[in-house]
Amino acid sequence: MRALELNLATRPFRNNVPIWVGLALGVAAVAAFASWNVVTWRNASHQLATLEADIGSSKRRLEELDKREAAAQAGIREFDLKILQVQAEKVNDIILRRGLSWTQLFNTLETVVPYEVKMTAIRPSYGTREATLANNRGSSVAGTVPIDVEGIAQSFEAFLEFERALIVDPHFANVEPVRSESSPGETEIHFQIHVLYDPDGRLGREHPEIPHVLEAAKKSAEEGGEAPPSALEGLR
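Because the structure is predicted, anything quoted here is derived from the model rather than measured.

J.: How do you make sense of helix 5 (residues 156-168) when you look at a structure like this?
T.: Given 3.6 residues per turn, any residue in an α-helix points the same way as the ones three and four places further on. Relative to the 18 Å expected for 13 residues at 1.5 Å per residue, helix 5 spans 19 Å between its end C-alpha atoms, a close match to the ideal helical length. Regarding helix 5, the residues found buried are Ala158, Phe159, Leu160, Glu161, Phe162, Glu163, Arg164, Ala165, Leu166 and Ile167.

J.: Please clarify how the pattern of salt bridges should be interpreted in this entry.
T.: Between side chains of opposite charge, a pair can form when the charged atoms approach closely. Scanning the model with the defined rule gives 6 salt bridges in all. A salt bridge links Arg179 to Glu150; the shortest N-O distance between them is 3.9 Å. One end of the pair, Arg179, is in strand 3 (residues 172-181); the other, Glu150, is in strand 2 (residues 145-153), with 29 residues separating them in the sequence. Since its relative accessible area comes to 31%, Arg179 is described here as partly exposed. Since its relative accessible area comes to 16%, Glu150 is described here as buried. We note a salt bridge from Glu181 to Arg179, for which the minimum N-O separation is 3.5 Å. The class of Glu181 is partly exposed, set by a relative accessible area of 46%.

J.: So what exactly am I meant to see when it comes to the environment of Ala153 here?
T.: Here Ala153 lies in strand 2. Along the chain, Ala153 and Ile189 lie 36 residues apart, while their C-alpha atoms are 5.0 Å from each other. Once residues within four sequence positions are removed from consideration, Ala153 is found in contact with Glu116, Val117, Ala158, Phe159, Thr187, Glu188, Ile189 and Phe191.

J.: Can you walk me through the packing of aromatic side chains in this structure?
T.: Between two aromatic rings, the relevant description is the distance of the centres plus the angle of the planes. Summed over the entire model, instances satisfying the criterion amount to 6 aromatic pairs. Here Phe162 and Phe191 contribute two aromatic rings whose centre-to-centre distance is 5.7 Å and whose plane-to-plane angle is 50°, an arrangement assigned as tilted. Of the two residues, Phe162 is situated in helix 5 and Phe191 in strand 4 (residues 189-197); the sequence distance between them amounts to 29 residues. Both residues of the pair, Phe162 and Phe191, belong to the buried class. Linked through ring pairs, Phe156, Phe159, Phe162 and Phe191 together constitute an aromatic cluster.

The rules behind each value
- Residue numbers restart at each chain and count upward from 1, following the sequence in its written direction.
- Per-residue local features are limited, in this predicted model, to residues with pLDDT of at least 70; the limit for side-chain atom pairs, both in listing and counting, is 80 or more; totals at the level of whole chains, interfaces and linings are taken over all residues.
- By convention in this description, side-chain values take in all heavy atoms of the structure and omit both hydrogens and water.
- Strands are runs of DSSP state E lasting at least two residues, helices are runs of H or I lasting at least four, and both sets are numbered from the N terminus onward.
- To estimate how far a helix should extend, the number of its residues minus one is multiplied by 1.5 Å.
- Burial classes follow relative accessibility: with a 1.4 Å probe on protein chains only, a residue under 20% of its type's maximum area counts as buried, one over 50% as exposed, and anything between as partly exposed.
- The rule for a salt bridge is simple: a side-chain nitrogen of Lys or Arg has to be within 4 Å of a carboxyl oxygen of Asp or Glu.
- Contacts are assigned to residue pairs that have any heavy atoms within 4.5 Å of one another.
- Pairing of aromatic side chains requires ring centres within 6.5 Å, counting the rings of Phe and Tyr and the six-membered ring of Trp. Pairs whose planes differ by under 30 degrees are stacked, by over 60 edge-to-face, and all others tilted.

Structure representation (structure tokens):
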């Protein structure tokens, strides 16, 4: 028996479900993309506005700094740097003068000056330039003061003994005789010595073995011989 192949429908049967499902999915995808695009655009717009605001603020600050720099340069041009340097050196001079203890300096010199030597003048060499130059010649200790000592020694040996005492004392360094002279027929020596002074005695270092000049001269005189050459003569 054969099956009947009769189609009683007015139009052919079509399955449209996959089409509608695909269309719905496409619409949903387009809507999601559009929503993401809007959110991204808003975030980008907000960040761009923030950056523009920061750039504008930075420009205003830069302009303000430029104005302040111009005003500062104009103010600097009104002053003479050489005059300011001289004024600063005078201020440092006053500070050093007030900070130096003359009593301590005299007491220290009293321990090194031989009996045969008499001091006539002591002049601290204040000023940043000279102090720096003196430090560069052999000492980097802060607070040191260059001083000039003038005096009269009864003999050349006494003058050398005074030099020796300054050299071996930790309160002094860079002992430099400036002048030493005597009148014809006299044994007295008029001298001037430049030396670096540290109130705290921090200038101690290894010194050469220097004998006492006066003791050596006295011993040689008692023995009836000539005075031995002083080690100081090789240092001068």
